[in-house]
Amino acid sequence: MEAFISLAHGLSVAIVPMNLLFALIGVLLGTAVGVLPGIGPALTVALLLPITFKLDPGGSIIMFAGIYYGGMYGGSTTAILINTPGESASMATALEGNKMAKAGRGGPALATSAIGSFVAGTIATLGLTFLAPYLVDIAVSFGPEDYFALMCVAFVTVSATFGDSPVRGLTSLAIGLLLGLIGIDILSGQSRLSFGVPELYDNIEVTTLAVGLFAVGEALYVASRRHIHEEKLEAVRGSLWMTKEDWKRSWKPWLRGTAFGFPIGALPAGGAEIPTFLSYATEKRLTKHPEEFGKGAIEGVAGPEAANNAAAAGTLVPLLTLGLPTSATAAMMLAGFQQYGLNPGPLLFADQPNLVWGLIASLFIANAMLLVLNLPLVGLWVKLLAIPQPWLYAGILVFATMGTIAANPSPVELIMLTIFGVLGFLMRRFDFPIAPVVVGLILGPIAESQLRRALSISLGDPMVLMQSPISATLLIIALIALVLPFFLKGLSRFKAVED
Amino acid sequence: MSDVQQLTMPGAESRVRIDIAGLAIALTLLALAGLVWWDMTKLQLLSPYDVGPKAMPVIVSAGLALLAVGNGISAFRGDLPPRDSLDWRPILLILGGLACLIALIAVGGGFMIGTAILFATTSAAFGRRAFLTDLLIGAVIAVVVYLLFAKLLALSLPAGPLEHLL
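Owing to the predicted nature of the structure, the values given are computational and were not obtained by experimental measurement. (Residues numbered from 1 in each chain as written. Chains lettered and ligands numbered in written order. Predicted model: local features only at pLDDT ≥ 70, side-chain atom pairs only at ≥ 80, totals over all residues.)

A. Representation of the overall build of chain B. A count of helical and extended segments in chain B gives 6 helices and 0 strands. Ordered by position in the sequence, the α and β elements of chain B form the string α-α-α-α-α-α. (Helix = DSSP H or I, 4+ residues; strand = E, 2+ residues; numbered from the N terminus.)

Put into structure tokens, the structure is as follows:
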């Protein structure tokens with residue numbers, strides 16, 4: 001009941017015309033940028049963060065909520081129409097969706113993905129509404145050692161457990177943690193790894209890192225292999241509307257996808273790829289039309305899309321209640337909060353109920369706006385996809401560099417952006433995952449301060465980490481999640497699904 | 001993003017058993033581990049009860065060293081994912097554009113000329129052959145974004161002679 005009252009209160013915040021406008025701008029911007037090939041929701045938020053830091057925090061965060069959901073919708077449009085998933089969570093959608101578009105059924109593919117996203121998003125946001133207060137109650141009793149242990153779990157699951165290679169995933173994480181060390185240590189006032197460069201004293205900006213890795217890195221990577229890889233845009237032919245048969249084949253996958261997506265997203269278990277592939281595999285097994293799979297089966301779009309959106313909403317559970325980002329996009333949302341000096345976690349629910357519940361209520365509104373706007377505007381999104389590739393990437397780089405210097409007008413910031421771009425290029429080339437770097441940079445310093453707080457309370461005795469039952473359990477989970485993939489090579493892939 | 005783009009293309013480089021690039025990655029990680037350790041030794045512990053600013057660098061340095069070994073083993077086994085052939089020209093074009101922008105801002109030339117150059121070089125990197133047209137388009141975009149940032153969002157961009165005219 002408490003959740004209902006809070007949500008109703010949140011709605012009264014979200015329904016203010018100014019906040020509705022922010023949500024609308026957010027969903028439109030999010031979809032527009034998300035549609036652009038190669039730009040996922042994480043980069044969308046990262047590009048827009050630096051230019052919003054002078055706006056009102058409440059409105060901006062509502063806008064980020066819109067961008068977060070909008071970017072997801074935009075990404076699936078791209079996946080269906082040109083088979084270039086902007087993020088790995090859209091890969092399953094691209095498998096069947098692009099085949100449907102090629103067969104002239106792009107309309108129903110877009111429709112089932114939009115309606116499925118709405119259904120999943122709404123159910124999952126309801127899940128968030130009811131789970132959040134409960135988790136906040138538990139989180140209030142967490143000591144610093146418990147938080148540290150929880151972050152260890154997140155580090156391991158984000159980098160090692162579900163990736164292609166635990167060694168490469170952990171390497172990415174270590175680079176992120178290394179970048180997190182740079183700057184002045186708040187507790188002791190000493191500078192680390194700054195080499196006398198004043199710009200480095202203020203720590204590495206998460207947005208500079210994310211924009212460098214995602215925008216510059218992606219541009220370099222795509223440009224370097226343009227001679228072997230060309231993209232082709234499928235026109236949306238035929239009716240946009242789903243037939244009765246399409247509805248009949250879609251609604252169960254939507255619900256099953258949601259059932260996969262929300263819990264896996266809500267656990268600190270790293271991203272939306274796993275539920276989308278689980279959903280794809282399940283639909284493939286349960287379908288009455290197995291012959292259509294691989295040739296454009298609507299279930300293969302409906303399920304993974306629902307799973308993707310449900311997982312995205314699920315990721316907000318640990319983010320808002322514990323301050324724990326488990327995907328690159330969630331890490332950027334956390335950076336958005338920090339930009340205004342807000343720290344997600346149980347205290348935020350107590351101190352800023354207007355902001356948190358306004359945000360949650362806005363998620364419902366953003367979701368509904370997307371459903372209403374997206375299908376009628378699909379022609380506009382397709383036009384965005386038709387921007388010639390040279391101008392598209394040139395525009396992305398111009399916007400990326402201008403956003404970076406607007407936040408921090410110094411050539412050193414641009415040099416860092418370039419270095420991170422080269423890093424992103426190399427990581428793509430050698431198949432190192434990118435999200436752990438971003439999560440490591442933003443979560444590393446928080447984990448360090450929790451560890452040091454725990455150890456100063458215990459007067460330096462490291463056993464404090466094992467004495468709290470919560471912390472001990474979490475550390476054991478982290479250890480298992482770390483060791484397991486080395487023994488179970490088979491766990492490391494849902495790749496078989498792609499064949 | 002595209003962290004799961006392991007498409008194996010025909011024409012991928014045939015590699016010798018020991019992966020030189022993989023070895024270079026391992027050595028770089030080892031060097032980074034050494035750097036973090038060296039930096040850590042210069043820090044001071046202020047309180048006897050606090051693990052202080054040294055603990056995290058020690059963990060990171062040890063982790064990097066361990067991962068250097070792990071990456072080294074992968075390199076010797078040839079475990080790295082297959083890679084496509086590489087076209088260096090577009091990479092140099094984009095990095096060159098970024099370098100121009102950085103240099104222009106560093107000497108106080110404002111961001112507009114640099115942004116136009118970056119737009120044109122990136123566009124050329126993606127196969128366009130109309131450098132002057134793109135330079136012009138880049139300049140127009142720079143003006144629009146400048147007005148948007150400066151007037152609507154109250155952000156300041158590094159200004160040079162051109163920006164003062166607006």
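B. A look at the interface of chain B and chain A. If you look at the interface, chain B gives 68 residues, while chain A gives 64 residues. Where the side of chain B that touches chain A is concerned, the elements lending two or more residues are helix 1 (20–41), helix 2 (55–77), helix 3 (88–106), helix 4 (112–125) and helix 5 (131–152) of chain B. A per-element tally of the side of chain B that touches chain A places helix 2 of chain B first, with 10 residues. (Contact = placed C-beta atoms within 7 Å.)

C. Fine view of the domain arrangement of chain B. Looking at chain B, the domain boundaries give domain 1 (15–77) and domain 2 (88–165). Measuring from the centre of the C-alpha atoms in domain 1 of chain B to the corresponding centre in domain 2 of chain B gives 37 Å. (Domains from an automatic or database assignment.)

D. Just the packing of helix 8 (residues 166–181) of chain A against helix 20 (residues 435–457) of chain A, in detail. Residue and element names in this part refer to chain A. One way to put it is that helix 8 packs onto helix 20 with a least axis distance of 7 Å and a crossing angle of 40°. Taken as axis vectors, helix 8 and helix 20 run oblique relative to one another. Considering only the axes of helix 8 and helix 20, their crossing is right-handed. Contact residues: G169, S172, L173, I175, G176, L177, L179 and G180 in helix 8; P436, V437, V438, V439, G440, L441, G444 and P445 in helix 20. Its residues placed into classes, the contact of helix 8 with helix 20 shows 10 nonpolar, 6 polar and no charged. (Axes fitted to C-alpha atoms, helices over the stretch in contact; angles between N-to-C directions. Parallel < 35°, antiparallel > 145°, perpendicular 65-115°, else oblique. Left-handed = near helix turned anticlockwise from the far one by under 90°. Nonpolar A, V, L, I, M, F, W, Y, C, P; charged D, E, K, R; others polar.)

E. Representation of helix 3 of chain B. All names here are of chain B. The first and last C-alpha atoms of helix 3 sit 27 Å apart over 19 residues, in line with the 27 Å expected at 1.5 Å per residue. Residues of helix 3 that are buried include every one of P90, I94, G97, L98, L101, I102, L104 and I105, and no others. Following helix 3 by one or two positions, G108 adopts a phi angle in the positive range, close to 80°. (Expected span 1.5 Å × (residues − 1). Buried ≥ 20, exposed ≤ 12 C-beta atoms within 10 Å, placed from the backbone.)

F. Main features of the nonpolar core. Grouped together as the largest cluster of nonpolar side chains are 213 residues, with contacts concentrated most on M151, A210 and V438 of chain A. Both domain 1 (15–77) and domain 2 (88–165) of chain B contribute no fewer than three residues apiece to this core. Setting aside its immediate chain neighbours within four residues, A210 of chain A contacts A42, L43, A46, M332 and V438 of chain A. (Core = buried A, V, L, I, M, F, W, Y, C linked by C-beta atoms within 7 Å.)

G. Fine view of the confidence of the model for chain B. Residues and elements named next belong to chain B. Of all residues in chain B, 87% attain a pLDDT of 70 or more, and the chain-wide mean is 83. Ignoring residues within four places in sequence, the model shows residues 1–16, a span with pLDDT below 50, making 30 contacts including any to other chains. If you check the scores for this complex, the pTM reads 0.88 and the ipTM reads 0.87. (pLDDT = per-residue confidence, 0-100.)

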